[in-house]
Amino acid sequence: MRSSRIPARDFGGLVAARLGRRFAAGPDASDALAVAADIRSSGPLVTCEYVAHASRGPADADDAQNVIVDLLGRLGSTGLAESGAVDLLLGMGPLGEGNDGVTRLRSVATAAAAAGTRITLRPDSPTDVDRVLATAAALRPEYPEIGVELWAAMRRTAGDLAELLGEADSSTPGPRVLLRVSGDGIRVPAPLALAATDVERAFVRYTKRLVRSTARAVIAAPDATLRAIVEAIGDAADTASGTPRTAAGWELLTPLGLRGDEAERLALSGRRVRVSVPFGPRCGAVGLRRFSAARAPRVTRGLGR
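How each quantity is defined
- Residues numbered from 1 in each chain as written.
- Predicted model: local features only at pLDDT ≥ 70, side-chain atom pairs only at ≥ 80, totals over all residues.
- Heavy atoms only, no water.
- Helix = DSSP H or I, 4+ residues; strand = E, 2+ residues; numbered from the N terminus.
- Polar contact = N/O pair within 3.5 Å; in protein donor to acceptor, adjacent residues only side chain to side chain.
- Contact = heavy atoms within 4.5 Å.
- Pairing = 2+ DSSP bridges.
- Axes fitted to C-alpha atoms, helices over the stretch in contact; angles between N-to-C directions.
- Buried < 20%, exposed > 50% of the residue type's maximum accessible area, 1.4 Å probe, protein only.

(A) Representation of the side chain of T47 within the structure. Inspection of the secondary structure puts T47 in strand β1 (residues 45–50). A distance of 2.6 Å separates polar atoms of two side chains, one belonging to T47 and the other to D87. Sequence-distant contacts of T47, defined by excluding residues within four places in its chain, comprise D87, L89, L253, R274, V275, S276 and V277.

(B) Focus on the sheet that holds strand β5 (residues 176–180). Spatially, the 8 strands close up into a barrel ordered β1-β2-β3-β4-β5-β6-β7-β8, and their pairing is parallel. With strand direction ignored, the average angle separating the axes of adjacent strands in the sheet is 30 degrees. Relative to strand β2 (residues 86–91), β1 is paired through 5 bridges, and the arrangement is parallel. Bridge pairing in β2 links Y50 to L90. Contacts between helix α2 (residues 29–41) and the sheet are confined to β1, β2 and β8 (273–279), with β1 contributing the most and set at about 165 degrees to the helix.

(C) Region of interest: unusual backbone geometry. We note that S83 has phi near 60 degrees; this positive angle belongs to a residue other than glycine. By the secondary structure assignment, S83 is in the loop between α3 (58–78) and β2. Judged by its relative accessible area of 65%, S83 falls in the exposed class.

Written out as structure tokens, the structure is:
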């Protein structure tokens, strides 16, 4: 008689997959669409994050483009993305290198504009920042809503942020900038990184600069301590400018899977809260990493306001 018990290695895999799904939507556009619709029904904004390895050739890159454009088309047809209520974050690696990659990215940006939303480009690695900034700058005249992701952990970010904000016209909305402490699961090599003790201080400084500027800032705080600091900075800036919370030019990005009192508090706060929804071929790995990060204790020390 065959045993109905699940082998331990398979059981572990099933548990891991279920836990990971709490923090990521799934591999397909339909997965992202379903989760985005559910989140929007309760109020928060959404960022769909396409997570995939760099393409291994044109066929891979075309597949990535098709999945992303499919999602944007469905968001447009359902009206979910109207006024940027659901936007898109992606790296350039899955779309390929060189001019072909930029051509595919342009198609994605066109689909986003047709859906009533925008895209934000994130570096695929610490050495990818120049490419991201240059590509966004080249496309911005045609797609002014295009954004970039910056990491507080990198030495160069102070200069990159100063340049982006220096280009802004005070009479019009500035560039869209997503600020993270560091790349999601990406290690910054020591020569390119700030000292570990300086990273969160830098994150706080950059947050202040962004929310006090004309930039359309999105701040991704990885834990409750930093979220509280970001909210205090943002509230002070909103009070000084007389801007209501719901109309403020900055947003707080939170991970999918945030539960309990923290999620309820944010939902009731009146702030512009956006939930990140990973989808794509690497969503399982990303979901598990975020699950692990959510369980790991964090200590934040020496943060100046």
